[in-house]
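Here is what each chain is made of, one letter per residue.
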Amino acid sequence: MTKMNHIDRISYSSLIEGILPKMLEIGIPLNEGRIYLALLLEPSIPASKLCEITGIPDSKIYSILESATKLNMVEVQYGLPKTYRATAPVPLIMEVKSALKSKYENGIRISESVEAQLQEVWANVNKNAVNENGLEIAYVVKGVVNIVSKMKEMIFVARRDVMIILPNLNLFSSIQEQLMEAKSRGVHIRIAMPQKDLTKVSSDTNAFDISILSQQCCDTWLLVADGRLLTVSKGASEHETSAILTKDRVLVQMSEAYFENPSCCFRTL
């Protein structure tokens, strides 16, 4: 057999140490990766030479070559003897990236489904929570990120009515998907927004019952969903902003009256 020269041996060794671990991380199998790197260095060689370069025994080399061919990593050149060459890296890695993207997106969909199901269970367990004296428990939610997450959860589990005052466009964008999904389930959606923001998203709000939020109320931020109230107190920063979540009937009724007050929110024509 023809032996590899010193330069070839160093090149293959450096590829195995430097690139192969990264190939494994993106899902390329170990032995198929070893074969591919060998064929990058020495294209159009027979299986016997691949055994010599990679150290893979001849009893396994053909099954691995078949697997590598199915993965579009190797091309077969028929002749006597049959030889093999590596496919071009760009289309190979494009296929890998496509598979990784598909796996990632599927993972995101599954995680969102799991989150939604867990949130629904959590909400149903806690929606009637009272303390030992029979008084309604109010929960404090701290930080804008957590508040928006709670708003999404409340909209998701709503079955009848969602009433919400949105003081800015960013907030609407954050929960728009959940509002549209709730609307598709038949939930009545009432939204109050500043006039300047409403004109920017008019096409996105046609499905909702819209009111214009007066200038004097533009710092108000609250959500009522099926009798649960989330009212927000804006802090000096997003981290210091906090909200109270409660089912207290008096507070819920006061919030609904506030929404219906023409001096705060007035209906669009």
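Within every chain, residues take consecutive numbers counted from 1 along the sequence as written. Side-chain atom pairs in this predicted model are given and counted only at pLDDT of 80 or more, local residue features only at pLDDT of at least 70, and totals for whole chains, interfaces and linings cover all residues. Side-chain measures were taken over the full set of non-hydrogen atoms in the model, leaving aside hydrogen atoms and water.

**Student:** Any chance you could explain the overall build of the protein chain here in plain terms?
**Tutor:** Within the protein chain, the regular secondary structure consists of ten helices and eleven strands. Should any heavy atoms of two residues lie within 4.5 Å, those residues are counted as being in contact. A separation threshold of at least 6 residues defines the contact pool for the protein chain, and within that pool the share at least 24 residues apart is 62%. Each accessible area is a Shrake-Rupley result for a 1.4 Å probe, and residues are judged covered by the shown protein chains and nothing else. Surface summary for the protein chain: the accessible area is close to 15,800 Å², and the carbon and sulfur share equals 56%. Only runs of H or I of at least four residues qualify as helices and only runs of E of at least two qualify as strands under DSSP, and these elements are numbered from the N terminus.

**Student:** Before we go on, may I ask you to explain the layout of surface pockets in this structure?
**Tutor:** One simple way to see leftover space: roll a probe sized like a water molecule over the atoms. Volume-wise, the largest pocket comes out at about 460 Å³. Along the walls of the largest pocket sit twelve residues, with E112, E115, A116, F156 and Q178 positioned nearest its centre. Listed by contribution, the elements that provide at least two residues to the lining of the largest pocket are α6 (89-126), α7 (144-157) and α8 (169-184). Under this grouping Gly is polar, as are all residues other than the nonpolar Ala, Val, Leu, Ile, Met, Phe, Trp, Tyr, Cys and Pro and the charged Asp, Glu, Lys and Arg. Residues belonging to the lining of the largest pocket are distributed by class as follows: two nonpolar, four polar and six charged. A 1.4 Å probe that fits but cannot get out identifies a cavity on a 1 Å grid over protein atoms alone, an open set with protein on both sides within 12 Å along at least five of seven lines counts as a pocket, and a residue lines either if it has an atom within 4 Å of a point. Grid points are joined across faces, edges and corners, and a volume is the space filled by probe spheres set on the points. For the second largest pocket, the calculated volume is near 330 Å³. Forming the boundary of the second largest pocket are 15 residues, of which V144, N168, W221, K234 and E238 lie nearest the centre.

**Student:** Can you walk me through a nonpolar patch on the surface in this structure?
**Tutor:** Surface patches are defined over residues having more than 30% relative accessible area and no salt bridge, joining like charges when they lie within 9 Å and nonpolar side chains (Val, Leu, Ile, Met, Phe, Trp, Tyr) when within 5 Å. A carboxyl oxygen of Asp or Glu within 4 Å of a side-chain nitrogen of Lys or Arg is what we treat as a salt bridge. Residues I110, V114 and L118 make up a contiguous nonpolar surface patch of roughly 280 Å² in combined accessible area. Relative to the elements of secondary structure, V114 occurs in helix α6. Judged by relative accessible area, which is 41%, V114 ranks as partly exposed. Think of it in three bands: residues with accessible area under 20% of the maximum for their type are buried, residues over 50% are exposed, and the middle band is partly exposed, with areas taken using a 1.4 Å probe on protein chains only.

**Student:** What is the right way to read α8 from this model?
**Tutor:** One turn of the α-helix equals 3.6 residues, which is why residues spaced by three or four share an orientation. Relative to the 22 Å expected for 16 residues at 1.5 Å per residue, α8 spans 22 Å between its end C-alpha atoms, a close match to the ideal helical length. At every residue, the bend is computed as the angle between two fitted axes, covering the seven residues ending there and the seven beginning there respectively. At I175, α8 is deflected by roughly 55°, the largest bend along its length. For α8, the full list of buried residues reads L171, F172, I175, Q178, L179 and A182. Looking at the buried positions of α8, the neighbouring elements they touch are α7, β5 (161-165) and β6 (188-194). Polar contacts, as counted here, are pairs of nitrogen or oxygen atoms within 3.5 Å of one another; within protein the pair requires one atom able to donate a hydrogen and one able to accept it, and residues that are adjacent in sequence qualify only if both atoms are side-chain atoms. For α8, the capping residue at the N-terminal end is N168, with a side-chain oxygen 3.2 Å from the backbone nitrogen of N170. G186 sits one or two positions beyond α8 and adopts a positive phi of about 95°. Each helix should span, by expectation, one fewer than its residue count multiplied by 1.5 Å.

**Student:** How should I be thinking about the sheet that holds strand β1 (residues 45-46) in this particular structure?
**Tutor:** Within a sheet, adjacent strands bond to each other through the backbone by hydrogen bonds, running parallel or antiparallel. Across the sheet, which stays open at both edges, the three strands sit in the order β1-β3-β2 with antiparallel pairing between neighbours. Bordering the open sheet on either side are β1 and β2 (74-77), each of which pairs with just one other strand. Strand pairing follows a simple DSSP-based rule, namely that at least 2 bridges must link the two strands. In terms of strand pairing, β1 meets strand β3 (residues 83-86) through two bridges, oriented antiparallel. The residue of β3 that forms the bridge with I45 is Y84.

**Student:** In this structure, what is going on with the pattern of salt bridges? I would like to understand it.
**Tutor:** Tallied over the entire structure, the rule returns eight salt bridges. The salt bridge partner of E66 is K70, with a shortest N-O separation of 3.7 Å. On the criterion of helical spacing, the pair formed by E66 and K70 is a turn pair, its members being four residues apart in helix α5 (residues 58-70). For R85, the salt bridge is made with E75, and the minimal N-O distance between the two is 4.0 Å. Of the two residues, R85 sits in strand β3 while E75 sits in strand β2, which places them ten residues apart along the sequence. Classification of E75 by relative accessible area gives partly exposed; the value is 39%.

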